[in-house]
Amino acid sequence: MSRPNRQLRFAIVAVSAVLTLAAFVAPLPAVASAPQARRIEISARQFAYEPATLNVQRGDTITVHLESLDAAHGLAVDGYAVNIQAEPGKSADVTFVADKEGKFKFRCSIACGTLHPFMIGELDVTPNYPFARAIIATLITAIGAVIYFWNRT
Ligand SMILES: [Cu+2]
């Protein structure tokens, strides 16, 4: 292996430092935070959910409280082992960790009428950016350090 000179090592350290900084200040959405517990109250009536879109972050622990306003309705989330059923005066709760990223439909799991197949909502699980940034920054720093020390010997 050829002996790298001082300038090359300095360049590696400088590039690592700049990339690490960039990982922290990159203009990603600033709405994220550490995984948290969220309680979401959903009311169901023929043939819709309110709210119909749930925005959570990956890693969040979600408690869904389902209230039915007219008939028996269910709430089953595609891709998650979540399926609860409520009827008027008898609500239902489920707690789960949003550990999969992406958009997942949730649907009524009780045949409740003609438009039952269209009783659909969406669970939107977005990445946890600060967490991702911390990992990226750590990786870049580690790689930079490894290259630096590797070349020294
Ligand atoms: Cu229904």
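Higher on the page you've got the structure.
Since this is a predicted model, take the numbers as computed values, not measurements.

Here we take up the coordination of the copper ion. Within the first shell, the copper ion binds the protein through H73 (ND1), C108 (SG) and C112 (SG), at distances of 2.0 to 2.4 Å. When the donor residues of the copper ion are listed from N- to C-terminus, their spacing reads H-x34-C-x3-C. With H73 in strand β5 (residues 73-77) and C112 in the loop between β8 (102-107) and β9 (120-126), the pair connects residues that are 39 residues apart, well separated along the chain.

Considering all chains together, one arrives at eight salt bridges under this definition. As a salt-bridge pair, E122 and K103 come within 4.0 Å of each other at their nearest N and O atoms. One end of the pair, E122, is in strand β9; the other, K103, is in strand β8, and 19 residues separate them in sequence. Take E122: its relative accessible area is 19%, and that puts it in the buried class.

Cut-offs applied
Residues numbered from 1 in each chain as written. Predicted model: local features only at pLDDT ≥ 70, side-chain atom pairs only at ≥ 80, totals over all residues. Heavy atoms only, no water. Donors = N, O, S within 2.8 Å, 3.2 Å for Na, K, Ca; no water. Helix = DSSP H or I, 4+ residues; strand = E, 2+ residues; numbered from the N terminus. Salt bridge = Lys/Arg side-chain N within 4 Å of Asp/Glu carboxyl O. Buried < 20%, exposed > 50% of the residue type's maximum accessible area, 1.4 Å probe, protein only.

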